[in-house]
Amino acid sequence: MDSIIKINAEREERGTVLKESFHNAPYKLTHYGSAKAQDHLEMIVMSASPGILDRDSLLMDVHVKEDAYLKLFTQSFNKLHPMQYGASQNIDVRLAKGSVFQYVPHPVTPFKDSIFKTVNQIYMDADSTLIWGDIISAGRIYMNERFVFTKLHSITKIFKDGALNFMDNQCLLPKEQPIEDLLFFEGYTHQATLLFSGPYAKDLKVELDEILTAEYADVMFGFTQCAEDTVLLRAMGSDGELLYNFLGMLAQMCWVFTQDQIQVQRTKSSIEQADPTTHVVAKADKPRAKTKPAMEKKRAKKKAA
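Residues numbered from 1 in each chain as written. Predicted model: local features only at pLDDT ≥ 70, side-chain atom pairs only at ≥ 80, totals over all residues. Heavy atoms only, no water.

### Details of the overall build of the protein
For step 1, the next point in the chain: Across its full length, the protein holds 3 helices and 17 strands.
For step 2, the next point in the chain: Residue burial in the protein is summarised as follows: out of 305 residues, 44% are buried.
For step 3, the next point in the chain: Sequence-distant contacts, at least 24 apart, represent 74% of the contacts inside the protein between residues at least 6 apart. (Helix = DSSP H or I, 4+ residues; strand = E, 2+ residues; numbered from the N terminus. Buried < 20%, exposed > 50% of the residue type's maximum accessible area, 1.4 Å probe, protein only. Contact = heavy atoms within 4.5 Å.)

Now the structure itself:
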């Protein structure tokens, strides 16, 4: 089945609103809680299907316009049923200047013989912010389906002002790769990824260096600044729900951090607009401080004369 989800979030006086949307079976797009409970927009993607079936295709198009803030949620784990030909998912995201978008979906659970490819293409303005996550599972562990899927291919690309800024390409072939060995899953059953991309990435990295110093039970993780304005975190574990909650906690921290930074920038701009001479006066103080010793020397020479 071919399915489409379209979301158009736009900023208005009362906050971010859903300006336009479209969805067809088996998916449904609805507000996550009250539409007016907060300044940003929260939407959830729901599905009447038991999961993704053979030859299914999903296209999701998300457009977050200037200064709009959107959080997108999912309803449950994304189950990939046994397949002969395969299924696909394509997500296209466009983030305008000053926009913020957060998307951390539930884990993908591939059943035996499933074949799935997902391509995520995110086009960002240099002043927009992205909080993006994904979790890959080994399969239905308690049904003895640990790494018995056929193929799972995930590609994520981030473009800044039209140029490729970041790319993550993972292709898992359990029948051909030593997938449980070193440099792969290393005995774990779930892998999680969190991406933060935006103008405050460097400052966030500093915060993470201070906050994420303790060990978390049943979660192994590491993070790095993989580009000038992008921070990447990888985590491994053996519990999909635990990793999902872990990413959710980190994503919320990133969201609050971004909102705080935006507020700081707005306050700074307001002060500068209210008193344009603020910086001029500050700069003028420096030359006076340098010339003071010279003036005192002149006065001393006059007294000596």
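Having put the structure on the table, let's press on.
### Remarks on the nonpolar core
For step 1, the next point in the chain: By size, the foremost hydrophobic cluster in this structure holds 43 residues, and its most contacted members are Met60, Val62, Leu70, Leu72, Phe101 and Trp132.
For step 2, the next point in the chain: Those residues in contact with Phe101, other than ones at most four positions away along the chain, are Val62, Val64, Leu70, Leu72, Val93, Leu95, Thr129, Leu130, Ile131 and Trp132.
For step 3, the next point in the chain: Leu194, Tyr200, Leu212 and Leu247 belong to the second largest nonpolar core, which has 28 residues in total. (Core = buried A, V, L, I, M, F, W, Y, C linked by side-chain atoms within 4.5 Å.)

### Re the confidence of the model for the protein
For step 1, the next point in the chain: When pLDDT is averaged along the protein, the result is 88; 90% of the residues meet or exceed 70.
For step 2, the next point in the chain: Predicted confidence for residues 280-305 stays below pLDDT 50, and this span has 0 contacts to residues more than four positions away or in other chains. (pLDDT = per-residue confidence, 0-100.)

### Topic: the packing of aromatic side chains
For step 1, the next point in the chain: Within the structure shown, the criterion is met by 10 aromatic pairs.
For step 2, the next point in the chain: Within the aromatic cluster, the residues linked to one another by ring pairs are Phe101, Tyr103 and Trp132.
For step 3, the next point in the chain: For Arg55, the ring lying beneath its charged end belongs to Tyr85, and the centroid distance is 3.7 Å.
For step 4, the next point in the chain: A cation over a ring is seen here: Arg140 above Phe111, with NZ or CZ 3.8 Å from the ring centre. (Phe/Tyr/Trp six-rings, centres within 6.5 Å; stacked < 30°, edge-to-face > 60°. Lys NZ or Arg CZ within 6 Å of the ring centre and 35° of its normal.)

### Observations concerning the packing of helix α1 (residues 201-211) against helix α2 (residues 240-274)
For step 1, the next point in the chain: Look at α1 against α2: their axes get within 11 Å of each other, and the N-to-C directions meet at 130 degrees. One element, α1, and the other, α2, form an angle in the oblique class. In this structure, the crossing between α1 and α2 has a hand that is right-handed. Facing Asp203, Leu204, Glu207, Leu208 and Ile211 of α1, the residues of α2 in contact are Met253, Cys254, Phe257 and Gln261.
For step 2, the next point in the chain: Of the residues that constitute the contact of α1 with α2, the class distribution is 6 nonpolar, 1 polar and 2 charged. (Axes fitted to C-alpha atoms, helices over the stretch in contact; angles between N-to-C directions. Parallel < 35°, antiparallel > 145°, perpendicular 65-115°, else oblique. Left-handed = near helix turned anticlockwise from the far one by under 90°. Nonpolar A, V, L, I, M, F, W, Y, C, P; charged D, E, K, R; others polar.)

### Points about unusual backbone geometry
For step 1, the next point in the chain: A cis geometry characterises the amide bond from Ala25 onward to Pro26, with omega recorded as 5 degrees.
For step 2, the next point in the chain: A positive phi angle, close to 55 degrees, is found at Phe147, a residue other than glycine.
For step 3, the next point in the chain: Backbone geometry places Asp161, a non-glycine residue, at a positive phi of 50 degrees.
For step 4, the next point in the chain: Note on placement: Asp161 falls in the loop between β13 (151-160) and β14 (163-172).

### Describing the pairing of strand β16 (residues 219-227)
Looking along a regular strand, one sees side chains alternate from face to face of the sheet.
For step 1, the next point in the chain: One ladder, built from 8 bridges, connects β16 with strand β17 (residues 230-237); its direction is antiparallel. Residue pairing in the sheet places Phe221 in a bridge with Ala235 of β17.
For step 2, the next point in the chain: Following β16, the chain reverses through 2 residues before pairing antiparallel with β17. (Pairing = 2+ DSSP bridges.)

### Some thoughts on α1
For step 1, the next point in the chain: Within α1, burial applies to Ala201, Leu204, Lys205 and Leu208. Down the axis of α1, the buried set is contained in an arc of 105 degrees. They therefore lie on one face. (Arc of directions from axis to C-beta.)

### Observations concerning the environment of Asp67
For step 1, the next point in the chain: Tracing the sequence through the fold places Asp67 in the loop between β5 (57-64) and β6 (69-74).
For step 2, the next point in the chain: Along the backbone, Asp67 and Leu95 are 28 residues apart, and their C-alpha atoms lie at a distance of 9.4 Å.
For step 3, the next point in the chain: With sequence-adjacent residues up to four places away left out, Asp67 is seen in contact with Arg11, Lys97, Gly98 and Ser99.

### A closer look at the sheet that holds strand β1 (residues 2-12)
For step 1, the next point in the chain: The strand order β2-β1-β5-β8-β11-β13-β14 describes an open sheet built from 7 strands, whose pairing is mixed. Each having just a single partner strand, β2 (15-23) and β14 make up the two edges of the open sheet. Going across the sheet, the axis of each strand differs from the next one's by a mean of 10 degrees, ignoring polarity.

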